[in-house]
Amino acid sequence: MASDQGPSAGDPTSRRRIEPWEFEMFFDPRDLRKEACLLYEIKWGTSHKIWRNSSKNTTKHVELNFIEKFTSERHFCSSISCSIIWFLSWSPCWECSKAIREFLSQRPGVTLVIYVARLYWHMDQQNRQGLRDLINCGVTIQIMRPSEHDHCWRNFVNYPPGKEAHWPRYPPLLMKLYALELHCIILSLPSCLIISRRCQKQLTLFRLALQNCHYQGIPPQILLSAGLIQLPVTWR
Ligand SMILES: [Zn+2]
């Protein structure tokens, strides 16, 4: 049975997979480590073939490394469309956002979808504006949900034999808090997610500070899904 084997069996892409501990370390929304990881998929034109690879930050951020690699390895033909999906442990900083916009402006056939596990220094106004600018130039940005963790585990991780469905589960509330904060960024609302660190116990605390403008500006279904408002119940 295929599920009794690891992904290496018969998978020519196994050398590009990362180890389970690396995936858990990089994509845990509670872990605020410095290093970043990028898992990416590239699809050209109408081809069903998907190129997958992974990258980590060096002296440069992973986004810049991707752009350099893509630009140097590919003789880009503008008549062929190209769709790129990124799974990033951190959302792009404002400098990377700028570089991504420049990269895309020179390649109108490229579409980019970015899933992020965490928001990078999300209270920094330049970073917030950088994400808005990316969205305004057509980039889709979303917080990674359990379905994306599942997808990455199966396609990018060298999971042990028989552990195909054993992708790491993280607190769903945390993903909803990040999704809520991303909405605040998109809508130019003040930040509502406060992250602090208790160094002594290595604890990371996530706190929510909703303001009146959040209730007015954030779509009710988002507040509802995060459990911040409840549907009125009518008793008969
Ligand atoms: Zn960056």
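Further up the page is the structure itself.
Keep in mind it's a predicted model, so treat the numbers as computed, not measured. (Residues numbered from 1 in each chain as written. Predicted model: local features only at pLDDT ≥ 70, side-chain atom pairs only at ≥ 80, totals over all residues.)

*Asks:* An account of unusual backbone geometry is needed here, citing residue identities and associated values.
*Replies:* Apart from glycine, the bulk of residues carry a negative phi angle, and the bulk of peptide bonds sit in the trans form. Located in the positive-phi region is Trp121, a residue other than glycine, with phi close to 35°. Looking at the element boundaries, Trp121 is found in the loop between strand S4 (110–118) and helix H4 (125–136). When the 13 C-beta atoms within 10 Å are taken as the criterion, Trp121 is described as partly exposed. Of note, the phi angle at Ser188 is positive, near 55°, even though the residue is not glycine. According to the C-beta neighbour criterion, Ser188 is exposed, with 11 such atoms within 10 Å. (Helix = DSSP H or I, 4+ residues; strand = E, 2+ residues; numbered from the N terminus. Buried ≥ 20, exposed ≤ 12 C-beta atoms within 10 Å, placed from the backbone.)

*Asks:* So, the sheet that holds strand S5 (residues 140–143): which residues are in play, and what are the values?
*Replies:* In spatial order, the strands read S2-S1-S3-S4-S5; together these 5 strands make up an open sheet with mixed pairing. Here the strands that pair on one side only, and so sit at the sheet edges, are strand S2 (50–56) and S5. If you compare each strand with its neighbour and ignore which way they point, the axes differ by 15° on average. Pairing between S4 and S5: 4 bridges, direction parallel. Bridging from a neighbouring strand, Val113 pairs with Thr140 of S5. (Pairing = 2+ DSSP bridges. Axes fitted to C-alpha atoms, helices over the stretch in contact; angles between N-to-C directions.)

*Asks:* Run through the nonpolar core, naming residues and quoting values.
*Replies:* One recurring pattern in soluble globular proteins is that nonpolar side chains are buried together. Counting 46 residues, the largest nonpolar core has Leu38, Trp86, Leu88, Ile114, Val116 and Met144 as the members making the most contacts within it. Per-element tally for this core: the top contributor is helix H6 (residues 172–186), with 7 residues. Sequence-distant contacts of Trp86, that is, excluding residues within four places in its chain, are made with Leu38, Tyr40, Leu112, Ile114 and Tyr115. (Core = buried A, V, L, I, M, F, W, Y, C linked by C-beta atoms within 7 Å. Contact = placed C-beta atoms within 7 Å.)

*Asks:* Report on the pairing of strand S3 (residues 82–90), specifying residues and quantitative values.
*Replies:* Inspection of the sheet shows strand S1 (residues 37–44) paired to S3 by 7 bridges, in the antiparallel sense. What sits directly across from Tyr40, in S3, is Trp86. As paired elements, S3 and S4 share 8 bridges and run parallel to each other. Counterpart to Trp86 in the pairing with S4 is Ile114.

*Asks:* Help me get a handle on the packing of helix H2 (residues 62–73) against helix H3 (residues 94–105), residues and values and all.
*Replies:* At a minimum axis separation of 9 Å, H2 and H3 run at an interaxial angle of 20°. Between H2 and H3, the angle is such that the two are roughly parallel. With respect to the hand of their crossing, H2 and H3 are arranged in left-handed fashion. Two secondary-structure elements touch here, H2 through Glu63, Leu64 and Ile67 and H3 through Cys96, Ala99, Ile100 and Phe103. The class makeup of the residues in the contact of H2 with H3 is 6 nonpolar, no polar and 1 charged. (Parallel < 35°, antiparallel > 145°, perpendicular 65-115°, else oblique. Left-handed = near helix turned anticlockwise from the far one by under 90°. Nonpolar A, V, L, I, M, F, W, Y, C, P; charged D, E, K, R; others polar.)

*Asks:* So what's going on with H2? Which residues, and what values?
*Replies:* If you check H2, its first and last C-alpha atoms are 16 Å apart, about what 12 residues at 1.5 Å a residue would give, namely 16 Å. Along H2, the residues classified as buried are Val62, Glu63 and Phe66. Across the axial projection of H2, the buried residues extend over an arc of 100°, all falling on one side. (Expected span 1.5 Å × (residues − 1). Arc of directions from axis to C-beta.)

*Asks:* Got a sec to walk through H6? Specific residues and values, please.
*Replies:* Helical geometry note: an α-helix holds 3.6 residues per turn, so side chains three or four residues apart project in the same direction. With 15 residues, H6 extends 21 Å from end C-alpha to end C-alpha; this agrees with the ideal 21 Å at 1.5 Å per step. Positive backbone phi, approximately 55°, marks Ser188, located one or two places after H6.

*Asks:* Let's hear about the pairing of S1: which residues, and what values?
*Replies:* Bridging between S1 and S2 involves 7 bridges; their strand directions are antiparallel. Each residue of the ladder has a partner; that of Ile42, found in S2, is Trp51.

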